[in-house]
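Structural overview for review
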Amino acid sequence: MTEISKTSTDLKIINREQVINAYKKGEILSPVEVSERIHLSRQTVSKAIDYFVGKGLLESCGKGDSTSLGGRKPEQYRLSDKLLFLSINIEKHAIIFTLFNLLYEKVDTQTEPFGKNEQPTPNLVWNLLRSTAEQYRAKISLPYRVVGVTLTMRGLVNHDTGILQYSPFFTWWPRSIPVRRILQDIYPEVHCFSIDKPAQLVARSVYMNHEEEFADKRVVVFSQKGIIAGIIDHGKVLNGRNSLIGEFGHMVIDANSDKQCVCGNYGCALQMILPSTLKELAMKNAGSYPDSTLLSSDYSMPVIFQYSAGGDPLAAIVSEYLGRIFAAVYKNISVSFDPEALVLMGEIGKADQHFMDSFHRELSKFRYYPEEYDLPILFDERSEDEVLFTGSVESISRFYFNDVCAERL
Ligand SMILES: [Zn+2]
């Protein structure tokens, strides 16, 4: 008896998921059109649509054209724009709030800075979240309402437990802060939360963009200056027991280094690509290139790649050095995960030819790779903000839609 009821419940959830998926691109569809598209009976589709209308996810937008046989005009539906998600991105100097609807359209964005020369305490951050929540409550009135909150923070954030283990931005904060519980206190009217670190979101966002290509592959993603990265295994973004997977910046490259990283390790990859380290390298070689434009730059990776591509020989030396560091990181990943594709994005996605040549040269030295190691490398040119936003949108909406389909909300 329980087995039968369980099966029919599962089937109902699967059917609902299929129906709501048909609407996710924002199309206006009648039950008949959905029924034809997903090959479910019209009655099943109509039942699911009624359910979603009741939950506020779908709304009627009147009658469409009559059918070719001259039948009654069918009622049409679309995804509601009244339900909103709030994305909270806690950066080093500010919190960025973005409000968006189920169609992933941005409705409102605001930035709340922490103030100059201030070392924000956890309470300062939670109070900012609290006051912004009040502002939104005053601004948003029914039928509009916030149904999900997604929070992104650098450092070690455990997606499953919602606990911030450690933040490299706020090293003075205590360990193990229950961020999800705090958010639940601030937003008691919301029942769906997603807490993530950027590495997870970047990998999720990359997978969304290359879904068909990566569905049956092991993929590594490199992005941005801190080597924010991720591992996708046959469509699943790996997280690990302690959410450690993807923290490639803290891979120890030089165990004998006397420089301590913000994470506590010595000789992390992250330290080797810091602007201060790149400046040291440039200064060491500056004697031969006193006119290099790099010497008056900020030693950020995009600038180095730009100057290197433009023919600056000192910038080319630094770019080649970066190629060797990233090759070392990649080789270390490949002996534990052996990927089939690599995606470069963010700052590292703008790497020039000197970087790429140096990267490939380093890989070719490893004789455990096949003689012709043809690693497909893809460049994802979206901006950092866009990638993080898309990743967090995907994360919270997946939770929300799953919870609604399973009647948990
Ligand atoms: Zn480190």
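The rules behind the values
Residue numbers run consecutively from 1 along every chain, following the written order of its sequence. Only residues with pLDDT of 70 or above have their local features reported here, since the model is predicted, and side-chain atom pairs are shown and tallied only from 80 upward, although totals for entire chains, interfaces and linings are computed over all residues. Counting from the N terminus, the helices are the DSSP runs of H or I reaching at least four residues and the strands are the DSSP runs of E reaching at least two. Exposure classification rests on a simple neighbour count of other C-beta atoms within 10 Å of a residue's own: a residue reaching 20 or more is buried, one at 12 or fewer is exposed, and one in between is partly exposed. C-beta atoms are placed from the backbone. Whether two residues are in contact is decided by their C-beta atoms, placed from the backbone, lying within 7 Å. Where each domain starts and ends follows an automatic or database-derived domain assignment. Note on method: axes are straight lines fitted to C-alpha atoms, helices fitted across the in-contact stretch only, with angles between N-to-C directions ranging 0 to 180 degrees. Should an angle fall under 35 degrees it is taken as roughly parallel, and over 145 as roughly antiparallel, whereas 65 to 115 is taken as roughly perpendicular and any remaining angle as oblique. All residues other than Ala, Val, Leu, Ile, Met, Phe, Trp, Tyr, Cys, Pro, Asp, Glu, Lys and Arg, Gly among them, are scored as polar; the first ten of these are nonpolar and the last four charged. Strands were regarded as paired on the criterion that DSSP finds at least two bridges between them.

The next subject is the overall build of the protein. The helix and strand inventory of the protein stands at 13 helices and 15 strands. Taking the principal axes of the C-alpha coordinates as reference, the protein spans close to 80 × 55 × 45 Å. Split into buried and exposed, the 409 residues of the protein put 36% on the buried side. Looking at the protein alone, contacts between residues at least 24 apart form 58% of all its contacts between residues at least 6 apart.

Turning our eyes to something else, we now look at the domain arrangement of the protein. By domain assignment, the protein separates into domain 1 (2–78), domain 2 (83–196 + 387–405) and domain 3 (210–375). Of note, the centres of domain 1 and domain 2, computed from C-alpha atoms alone, are 32 Å apart. Of the residues lining the interface, eight residues belong to domain 1; the matching set on domain 2 comes to six residues.

Further remarks concern the packing of helix α6 (residues 198–209) against helix α13 (residues 384–405). Two numbers describe how α6 lies on α13: the axes approach to 8 Å, and their chain directions differ by 85 degrees. It follows from the interaxial angle that α6 and α13 lie roughly perpendicular. Between α6 and α13, the contacting residues are P198, L201, V202, R204, S205 and M208 on the first element and V387, L388, T390, G391, S392, E394 and S395 on the second. A per-class count over the contact of α6 with α13 returns six nonpolar, five polar and two charged.

Strand order in this open sheet of five strands is β5-β4-β3-β6-β10, and the pairing throughout is mixed. Each edge of the open sheet carries a strand with a single partner, namely β5 (106–113) and β10 (192–196). Taken over all neighbouring pairs, the strand axes of this sheet differ in orientation by 15 degrees on average, direction set aside. Alignment of strand β4 (residues 94–101) against β5, held across seven bridges, turns out to be antiparallel. When the bridges of β5 are listed, F100 appears paired with K106. Running over the sheet, helix α4 (residues 122–139) touches β3 (83–90), β4, β5 and β6 (145–153) and is turned about 35 degrees from β4.

Among the secondary structure elements, Q135 is positioned in helix α4. Residues Q135 and V335, 200 residues apart in the sequence, show an inter-C-alpha distance of 50 Å.

What follows is about the environment of D196. Here D196 is to be found in strand β10. For D196 and S243, which are 47 residues apart along the polypeptide, the C-alpha to C-alpha distance reads 9.5 Å. Ignoring any residue separated from it by four or fewer positions in sequence, one finds D196 in contact with T152, V157, H159, L201, S392 and S395.

Strand order across the open sheet formed by five strands is β13-β12-β11-β14-β15, with mixed pairing between neighbours. Two strands close off the open sheet at either side, each with one partner strand: β13 (236–237) and β15 (377–380). Taken together, the two bridges between strand β12 (residues 228–233) and β13 define a ladder with antiparallel strand orientation. Residue pairing in the sheet places I232 in a bridge with V237 of β13. Contacting β11 (218–223), β12 and β14 (341–345), helix α11 (residues 313–337) runs over the sheet at an angle of about 155 degrees to β11.

Here the amide bond leading from L142 into P143 is cis, since omega sits at 10 degrees, within 30 degrees of zero. Checked against the element boundaries, P143 lands in the loop between α4 and β6. The phi angle at H39 is positive, at roughly 55 degrees, despite the residue not being glycine. Tracing the sequence through the fold places H39 in the loop between α2 (31–38) and α3 (42–55). Phi angles above zero are rare outside glycine, and H234 is one such case at about 50 degrees. Along the chain, H234 falls in the loop between β12 and β13.

So, on to the pairing of β6. Sheet faces and side chains relate simply in a regular strand, where the side chains alternate between the two faces. Of all the nine residues making up β6, seven are buried; the element is thus mostly covered by neighbouring parts of the structure. Sheet analysis places β3 next to β6, joined by eight bridges and oriented parallel. When the bridges of β6 are listed, S87 appears paired with T150. Relative to β10, β6 runs parallel, the two being bridged by five bridges. Paired with T152 across the strands is D196, a residue of β10.

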